[in-house]
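# Residue-level structure breakdown
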Amino acid sequence: CDDRFNNEAVVSTQSTGMDHDCSAGESVWLECEEGSSDGEWQVVSAGLYRTVGDMEIEPSGSAGVVLIELAMTDDESRRAFGTLCDDRFNNHTAQLACQSLGYAGVTQWGNVGSMGEYISRSVLEELGLSTVVDEMTCPADATDMNSCDADLMDHDCSAGESVWLQCENDDDDDDEIDDDDEENYIDLEFGGVKLALNLGNVRERIHF
């Protein structure tokens, strides 16, 4: 009830118990702030992935849905794993994204809503893989992702807006993972999502 309710009462633990003379219309609503933190989100790894088997995902070589891992600068145990939204994404940004993953450039890109060959919208939703990077923009003269801006953990995107990339290999190898490289992979799990991370593709941290 809002009787004698004020800003100080929000943090008070005092109560008069079950004794009141209030109507339902006097019920209080609150809008609370999140706890403060000195840290900020940063990208720690990224790769291209596809669905395989029973609701599992794996690295998909030079073509797949972009999945990104974030961590807090002041507490790296706080992590998030999800997709890149296509808001403001363009050919130039796609080119830099492929190059940041170690490829020569981009041949094609789109979103899961228009083509769900690698990971479908329904699979992303069922696995709980939501957007972690949105509004990615890179200046026209940018030569790497360090010059780009993006919103981390702040988005208005659906699963269908998740970006997939088809990147160009320097040596024209196919998209399959070479058996000789299997020792470079470690198995990870985020909220029930199983994936293999290619240690060879973990690059210097990118700050947006």
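Structure: see above.
Residues numbered from 1 in each chain as written. Predicted model: local features only at pLDDT ≥ 70, side-chain atom pairs only at ≥ 80, totals over all residues. Heavy atoms only, no water.

### Here's the deal with the overall build of the chain
- Per the secondary structure count, the chain includes two helices and 10 strands.
- The linear arrangement of helices and strands in the chain, starting from the amino end, is β-β-β-β-α-β-α-β-β-β-β-β.
- Residue burial in the chain is summarised as follows: out of 208 residues, 38% are buried.
- Counting only contacts in the chain whose residues sit at least 6 apart along the sequence, the fraction spanning at least 24 positions is 68%.
- Roughly 12,500 Å² of accessible area belongs to the chain as shown, and the carbon and sulfur atoms make up 41% of that amount. (Helix = DSSP H or I, 4+ residues; strand = E, 2+ residues; numbered from the N terminus. Buried < 20%, exposed > 50% of the residue type's maximum accessible area, 1.4 Å probe, protein only. Contact = heavy atoms within 4.5 Å. Areas by Shrake-Rupley, 256 points an atom, 1.4 Å probe, with all protein chains shown as cover.)

### Topic: the side chain of Asp134
- Mapped onto the fold, Asp134 is located in strand 6 (residues 131–137).
- Buried charge without a partner: Asp134 forms no salt bridge, and the closest opposite charge is Arg88, 8.5 Å away.
- Leave out the neighbours within four places in its chain, and Asp134 touches Cys85, Asp87, Ala150, Asp151, Asp154, His155, Asp156 and Cys157. (Lys, Arg positive; Asp, Glu negative; His and termini not counted. Salt bridge = Lys/Arg side-chain N within 4 Å of Asp/Glu carboxyl O.)

### Some words on the environment of Ala159
- In this fold, Ala159 is placed in the loop between strand 7 (149–152) and strand 8 (163–168).
- Overall, Ala159 belongs to the buried group, its relative accessible area being 13%.
- Ala159 sits 31 residues away from Gly128 along the chain, and the two C-alpha atoms are 9.4 Å apart.
- In contact with Ala159, other than residues within four places in its own chain, are Val112, Arg121, Leu124 and Glu125.

### Observations regarding the nonpolar core
- Of all hydrophobic cores here, the largest spans 27 residues; its most connected members are Ile68, Leu70, Leu84, Val133 and Leu165.
- Broken down by secondary-structure element, the contributors of at least two residues to this core are strand 1 (41–52), strand 3 (63–72), strand 4 (75–84), helix 1 (91–100), strand 6, strand 7 and strand 8.
- At four residues, helix 1 tops the list of elements feeding residues into this core.
- When sequence neighbours within four positions are dropped, the list of residues in contact with Val133 reads Ile68, Leu70, Thr83, Leu84, Cys85, Ala150, Asp151 and Leu152.
- One finds Ala63, Val112, Tyr118 and Ile119 within the second-largest nonpolar core, a separate group that totals 15 residues. (Core = buried A, V, L, I, M, F, W, Y, C linked by side-chain atoms within 4.5 Å.)

### Side note on helix 1
- Those residues of helix 1 not exposed but buried are Thr93, Ala94, Leu96, Ala97 and Cys98.
- On its buried face, helix 1 sits against strand 5 (105–111), strand 6 and strand 8.
- The opening residue of helix 1, the one whose side-chain oxygen lies 3.2 Å from the backbone nitrogen of His92, is Asn90. (Polar contact = N/O pair within 3.5 Å; in protein donor to acceptor, adjacent residues only side chain to side chain.)

### Focus on the side chain of Ser60
- Mapped onto the elements, Ser60 comes out in the loop between strand 2 (56–59) and strand 3.
- Of the residues examined, Ser60 reaches a relative accessible area of 2% and is grouped as buried.
- Only 2.6 Å separates the side chain of Ser60 from the backbone oxygen of Ala63, close enough to count as a polar contact.

### Brief notes about the packing of aromatic side chains
- Scanning all chains against the criterion turns up three aromatic pairs.
- When the centroid spacing of 6.4 Å and the interplanar angle of 85 degrees are considered together, the rings of Tyr49 and Phe81 count as edge-to-face. Placement of Tyr49 in strand 1 and of Phe81 in strand 4 is noted, with a sequence separation of 32 residues between them. Each member of the pair, Tyr49 together with Phe81, is buried. (Phe/Tyr/Trp six-rings, centres within 6.5 Å; stacked < 30°, edge-to-face > 60°.)

### What about a nonpolar patch on the surface?
- Nonpolar side chains collect at one region of the surface, where Phe5, Val28 and Leu30 lie side by side and expose about 250 Å² of accessible area between them.
- As for its placement among the helices and strands, Leu30 is situated in the segment before strand 1. (Patch = residues over 30% accessible without salt bridge, like charges linked within 9 Å, V, L, I, M, F, W, Y side chains within 5 Å.)

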